Amino acid sequence: MTGSDTVTKRDKRSDGDYQRAVGDFVNREVIYCVSGLVYEIGTKNIDEWHHLFRQDDWETPALEAIRAFSPEYLRELLSEDDVPFTAEDEPETLARTYLNHLKQQDSLREFCDANNVDPEQNEIYEHWIVSEWLANRLEERGEVIERDFYGLTIWGRACTGQAILLDNVICSIYDEVTP
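Worth saying up front: this structure is predicted, and the values here are computed from it rather than measured. (Residues numbered from 1 in each chain as written. Predicted model: local features only at pLDDT ≥ 70, side-chain atom pairs only at ≥ 80, totals over all residues. Heavy atoms only, no water.)

**Student:** Kindly report on unusual backbone geometry, identifying the contributing residues and their values.
**Tutor:** Residue Asp106 is not a glycine yet carries a positive backbone phi of 55 degrees. Checked against the element boundaries, Asp106 lands in the loop between α7 (91-104) and α8 (108-114). Residues other than glycine seldom take positive phi values, yet Asn116 does so here, at roughly 55 degrees. Residue placement: Asn116 occurs in the loop between α8 and β3 (120-123). Assessed through its relative accessible area of 71%, Asn116 is described here as exposed. (Helix = DSSP H or I, 4+ residues; strand = E, 2+ residues; numbered from the N terminus. Buried < 20%, exposed > 50% of the residue type's maximum accessible area, 1.4 Å probe, protein only.)

**Student:** Describe the environment of Ser172, with residues and values.
**Tutor:** With respect to the secondary-structure elements, Ser172 resides in helix α10 (residues 168-177). If we skip the residues at most four places from it in the chain, Ser172 touches Arg13 and Arg141. Of note is the side chain of Ser172, whose polar atom sits 3.4 Å from the side chain of Arg141. (Contact = heavy atoms within 4.5 Å. Polar contact = N/O pair within 3.5 Å; in protein donor to acceptor, adjacent residues only side chain to side chain.)

**Student:** Account for the pairing of strand β4 (residues 126-130), with residues named and values stated.
**Tutor:** Burial of β4 is extensive: five of the five residues sit out of reach of the surface. With burial as the criterion, each face of β4 is covered, one bearing Glu126, Trp128 and Val130 and the other bearing His127 and Ile129. With three bridges connecting them, strand β1 (residues 30-33) and β4 associate as antiparallel partners. In the strand pairing of β4, Tyr32 is matched with Ile129. When β4 meets strand β6 (residues 152-157), the two strands line up antiparallel, connected through four bridges. (Pairing = 2+ DSSP bridges.)

**Student:** Please set out the packing of aromatic side chains residue by residue, giving values where relevant.
**Tutor:** Two measures describe an aromatic ring pair: the distance that separates the ring centres and the angle between the ring planes. In total, this model carries nine aromatic pairs according to the counting rule given. With centroids separated by 5.8 Å and ring planes inclined at 45 degrees, the aromatic side chains of Trp49 and Tyr150 adopt a geometry described as tilted. Residue Trp49 is located in helix α4 (residues 46-49), and its partner Tyr150 is located in the loop between β5 (144-149) and β6; the two are separated by 101 residues in the primary sequence. Residue Trp49 is classed as buried on the basis of its relative accessible area, which comes to 4%. Judged by its relative accessible area of 56%, Tyr150 is exposed. Taking 6.2 Å as the distance between ring centres and 75 degrees as the angle between the ring planes, the aromatic pair formed by Tyr98 and Phe111 counts as edge-to-face. Residue Tyr98 is located in helix α7, and its partner Phe111 is located in helix α8; the two are separated by 13 residues in the primary sequence. The two residues Tyr98 and Phe111 agree in class, both being buried. Aromatic rings pair up to connect Tyr18, Phe25, Trp133 and Tyr174 into one cluster. (Phe/Tyr/Trp six-rings, centres within 6.5 Å; stacked < 30°, edge-to-face > 60°.)

Encoded structure:
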């Protein structure tokens, strides 16, 4: 992604019409906040529900490990996997290109395992009942989903303090399905 792509995405996401449309999308797919319920039940039976309170982040430690690689080694890795880059690319660009490649291949965890890198643990702050359709999309992006919390499909949201319609993961799902 180039700098102008980032600015365009940021500008679009701050547009009122866009936010209203994403808000409508959230109103259709996110049903109800059940954080209190999940907390009360989850803490009484923590062995069964511990996964609803923490989320593994493989991306951040993977990027740190990749940044430690020499530019020559990164070029070698990218070449082996036929990932395009230019000879003028800065080390940070090479690192992000390789990280994006790993993400596209859904192999961040495998990379971390092979390089003895542990995930960071992010706290889950909120729990929401969501539609099965949204649960599938969130799970594809590494979000915490529980498909049978006493018959409910729960999304463990690892951020708080802002409207769901502003979450990057929600906006990226909306952008993917909306022409």
